[in-house]
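# A closer look at the structure
Each chain, written out:
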Amino acid sequence: MSKTALHGTSRASGAPSTGPIDRTPVRAVIAGLLIAALAACGGGTTAPPPDQPFDDATVYSAAPDASLSSANEHTAVTHAALKLEGRTILYTATTGHLSARDAASGEARASMFYAAYTADGPKAPERPVTFIYNGGPGSASAWLHLGSFGPKRLAVKPPGTDTSSLFPLVDNAESLLDVTDLVFVDAVGTGYSQAIAPHTNRSFWGVNSDAAVFRDFVRRYLEVNRREASPKFLFGESYGAARSAVLALALEKAGVRLAGVVLQSAILDFNVDCGFLGARHASCSGYLPSYAAVASHYGRLVPTPADPDAFIDEVQAFADTTYEPAVLAYLGGQEQPDAALVAALAARTGAAADLWNGSFNLDPTTFRTQYAAGVLLGRYDARISVPADSPLARDGDPSLTFVVPSFDAAIRSTLRDQLRYTARSDYVMANPDIGVFDPRHNGRMLPDVVPDLAAVLALNPSLGILSMSGRHDLATPYHQTERDLKRLNNAPGLVLRDYDGGHMTYFDDAARAAQKADLRAFYARSISGGQ
């Protein structure tokens, strides 16, 4: 099926996408009025109150069996300004902990660390609040906090790999603060989030328990900050997108109605992802369009496609109608690939026919390590490549290795110097102990959260869902995500977007600008109920 046959789908390469969300004049007027109203919130000229630093004496642990003895809801409060599109927005940053409390008993089960950015001034009823988190499981949310749509971002410049200095922290011209208040929150066992006794961190290391503790945090934040009437959005990346599906259903069942869910570089059904299961257990055909995009980036297509977007559309159709059936027959031991099909795969990906003959169901690890002799391609962003013996290849993914030092240093300095929050323990960017995470969900050994999204839509048909992916992402391939979301049967509020870039598409300047335009339109449409 052509990409344009999917409801709400278009491709973005640095310019704002067009699609069903802006084809109707009435919708355009509504969107314009809502965005104007949102932009009018905050940004007053009254002098802000003084900052309130907080020196947290609590020592936090990310160990599986660790827990805090009591709840902690202390925060640091600071004030700053951001210029967006010629207008200055004054905002308040609140950094610290809120307790995720059981709705029935009121028991504080976990102390969740968060950083919230809220525009100053009276809150209009239509001013949204968005809860944002990374995934892993085991990843803190510093990537989204300092890389995507917050007031500040690290100026990453992919696909360059210059590591001579740390990336500078700059004002974010694509911040979403003119559209929504932003709450970046860390999962239990990451950042400074920790369980409260008698619970331990591992109590919340599972698909269902993780979503439940996030539900309780969201409810607590809305209650404490009196935001129950605000339009509410979830924004999750990678496993965080899977979390969003389960969390959205948990919130809807708890009486918290959502306006929209943003899925960034989503993995939704682990049972069909060959990068997760391996090439002997699942088809890798969902990766084929990403391989083709990589070939286009490196100029390995002969002849060079006159229309790159049309070429990718053709590869998507080829992956679904030709390659997928052949792979399934191959995995079933029924057929070996014929020479014509291997030649067609080589022509569309720039990978040698010998590679396809040796690995017909070509998995992303084999593709990255054998695509070019002596070269390793990035997993999170395959546009980044280094010699196989480069220091950037030491951890297996140069697209991650070259950015980790900057984010690791920046989250600590940002918390200490700008948000005025200091702690006695280290901020946990990634927690390897969450390897004990329980993946069971809905009676299956591995999660498939598409039914959760379908159940949310049954409860809340006006819910907006925006999926945003990078074409060069070999961790969560965009076409597999789109295949999964096709199971929602063209839900009216579903919008699909893909961009030039990797897993963290927002690192790319052109993609980030396109994402901001798509997000602005999505928020306006979702708040208006899809009208």
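Keep in mind that this is a model prediction, so the values were computed, not measured.

### So, the overall build of the chain
Regarding its fold elements, the chain presents 15 helices and 17 strands. Here the C-alpha coordinates of the chain stretch approximately 70 × 55 × 50 Å along the principal axes. Across the 531 residues in the chain, those meeting the buried criterion constitute 59%. Across the chain, every contact between residues at least 6 apart in sequence was considered, and the portion connecting residues at least 24 apart equals 74%. Summed over its atoms, the accessible surface of the chain is roughly 19,600 Å², and 54% of this surface lies on carbon and sulfur atoms. Placing the 45 positive and 54 negative side-chain charges of the chain at their respective mean positions leaves the two points 5 Å apart.

### Thoughts on the packing of helix H4 (residues 239-253) against helix H13 (residues 450-459)
For the pair H4 and H13, interaxial distance at closest approach is 8 Å and the crossing angle is 30°. Between H4 and H13, the angle is such that the two are roughly parallel. Where H4 crosses over H13, the two elements pack in a sense that is left-handed. For the pair H4 and H13, contact is made by Ala-245, Val-246, Ala-248, Leu-249, Glu-252 and Lys-253 and by Asp-452, Leu-453, Ala-455, Val-456 and Leu-459, respectively. Its residues placed into classes, the contact of H4 with H13 shows eight nonpolar, no polar and three charged.

### Description of the side chain of Asn-201
Checked against the element boundaries, Asn-201 lands in the loop between strand E10 (194-195) and helix H3 (207-224). Ignoring any residue separated from it by four or fewer positions in sequence, one finds Asn-201 in contact with Ser-61, Ala-62, Ala-63, Pro-64, Ala-66, Val-188, Gly-189, Gln-194 and Ala-195.

### So, the confidence of the model for the chain
For the chain, the mean per-residue pLDDT works out to 91, and 91% of the residues sit at or above 70. A low-confidence stretch, residues 1-44 (pLDDT under 50), is modelled with 104 contacts involving residues beyond four sequence positions or located in other chains.

### Some words on the packing of aromatic side chains
Counted under the stated rule, the structure contains 33 aromatic pairs. Geometrically, the ring pair formed by Tyr-60 and Tyr-192 is tilted, given 5.7 Å between the ring centres and 50° between the ring planes. In this pair, Tyr-60 sits in the loop between strand E2 (54-56) and strand E3 (75-84) while Tyr-192 sits in the loop between strand E9 (181-185) and E10, placing the two residues 132 residues apart along the sequence. Tyr-192 carries the same exposure label as Tyr-60, and that label is buried. Ring centres of Phe-113 and Tyr-192 lie 5.1 Å apart, and the angle between their planes is 85°; this geometry places the pair in the edge-to-face category. Of this pair, Phe-113 sits in strand E5 (residues 108-119) while Tyr-192 sits in the loop between E9 and E10, placing them 79 residues apart in sequence. Each member of the pair, Phe-113 together with Tyr-192, is buried. Aromatic rings pair up to connect Tyr-287, Tyr-291, Tyr-323, Tyr-330, Trp-356, Phe-360, Phe-367 and Tyr-371 into one cluster. A cation over an aromatic ring shows up here: Arg-348 above the ring of Phe-318, its NZ or CZ 4.0 Å from the ring centre. Above the ring of Tyr-380, the side-chain terminus of Arg-379 is found at 5.4 Å from the ring centroid.

### Quick word on the pattern of salt bridges
The full count for this structure, using the stated rule, is 34 salt bridges. Between Arg-416 and Asp-417 there is a salt bridge, with its nearest N and O atoms 2.9 Å apart. Of the residues examined, Arg-416 reaches a relative accessible area of 43% and is grouped as partly exposed. The class for Asp-417 is partly exposed, based on a relative accessible area of 47%. Each of Arg-153, Lys-157, Glu-174, Asp-509 and Arg-512 takes part in a single network of salt bridges with overlapping partners.

### What about H3?
Relative to the 26 Å expected for 18 residues at 1.5 Å per residue, H3 spans 26 Å between its end C-alpha atoms, a close match to the ideal helical length. If you check which residues of H3 are buried, you get Val-207, Asp-210, Ala-211, Ala-212, Val-213, Phe-214, Asp-216, Phe-217, Val-218, Arg-220, Tyr-221 and Leu-222. Looking at the buried residues of H3, the elements they touch are strand E4 (87-101), E5, strand E6 (129-133), E9, strand E11 (232-237) and H4.

### Considerations on the environment of Asp-354
Summarising the element assignment, Asp-354 is placed in helix H9 (residues 353-358). The exposure class of Asp-354 is exposed, given its relative accessible area of 64%. Between the C-alpha atom of Asp-354 and that of Val-342, which follows or precedes it by twelve residues, the distance is 8.8 Å.

### Structural notes on the environment of Leu-400
Within the secondary structure layout, Leu-400 lies in helix H11 (residues 398-401). Residue Leu-400 is classed as partly exposed on the basis of its relative accessible area of 25%. Linking Leu-400 and Arg-379, residues 21 residues apart in sequence, is a C-alpha distance of 8.0 Å. Apart from residues lying up to four places away in sequence, Leu-400 is in contact with Trp-143, Tyr-380 and Met-504.

### Digging into the packing of helix H7 (residues 308-331) against helix H14 (residues 478-486)
Where H7 meets H14, the axes come as close as 12 Å, and the angle between the chain directions of the two elements is 65°. In this view, H7 runs roughly perpendicular relative to H14, as classed from their interaxial angle. By crossing handedness, the relation of H7 to H14 is classed as right-handed. Contact residues: Ile-312, Gln-316, Ala-319, Asp-320 and Glu-324 in H7; Tyr-478, His-479, Glu-482 and Arg-483 in H14. Split into classes, the residues belonging to the contact of H7 with H14 amount to three nonpolar, two polar and four charged.

### Concerning H7
If you look at H7, its biggest bend is around 45°, right at Ala-319. By the burial criterion, the buried members of H7 are Phe-311, Ile-312, Asp-313, Val-315, Gln-316, Phe-318, Ala-319, Tyr-323, Glu-324, Ala-326, Val-327 and Ala-329. Two or three places before Asp-309, at the start of H7, stands the capping residue Asp-307, its side-chain oxygen 3.2 Å from that residue's backbone nitrogen. Looking one or two residues past H7, Gly-333 carries a phi angle of roughly 75°, positive in sign.

### Section: unusual backbone geometry
The omega torsion of the bond from Pro-158 to Pro-159 falls at 5°, within 30 degrees of zero and hence cis. Along the chain, Pro-159 turns up in the loop between strand E7 (152-154) and strand E8 (169-171). Pro-303 follows Val-302 through a cis peptide bond whose omega is -5°. Turning to its location among the elements, Pro-303 is positioned in the loop between helix H6 (288-297) and H7. The phi dihedral of Asn-442 falls on the positive side, at around 55°, and the residue is not glycine.

Rules behind the numbers
- Residues numbered from 1 in each chain as written.
- Predicted model: local features only at pLDDT ≥ 70, side-chain atom pairs only at ≥ 80, totals over all residues.
- Heavy atoms only, no water.
- Helix = DSSP H or I, 4+ residues; strand = E, 2+ residues; numbered from the N terminus.
- Buried < 20%, exposed > 50% of the residue type's maximum accessible area, 1.4 Å probe, protein only.
- Contact = heavy atoms within 4.5 Å.
- Areas by Shrake-Rupley, 256 points an atom, 1.4 Å probe, with all protein chains shown as cover.
- Lys, Arg positive; Asp, Glu negative; His and termini not counted.
- Charge placed at Lys NZ, Arg CZ, Asp CG, Glu CD.
- Axes fitted to C-alpha atoms, helices over the stretch in contact; angles between N-to-C directions.
- Parallel < 35°, antiparallel > 145°, perpendicular 65-115°, else oblique.
- Left-handed = near helix turned anticlockwise from the far one by under 90°.
- Nonpolar A, V, L, I, M, F, W, Y, C, P; charged D, E, K, R; others polar.
- pLDDT = per-residue confidence, 0-100.
- Phe/Tyr/Trp six-rings, centres within 6.5 Å; stacked < 30°, edge-to-face > 60°.
- Lys NZ or Arg CZ within 6 Å of the ring centre and 35° of its normal.
- Salt bridge = Lys/Arg side-chain N within 4 Å of Asp/Glu carboxyl O.
- Expected span 1.5 Å × (residues − 1).
- Bend = angle between axes of the 7 residues up to and from the residue.
- Polar contact = N/O pair within 3.5 Å; in protein donor to acceptor, adjacent residues only side chain to side chain.

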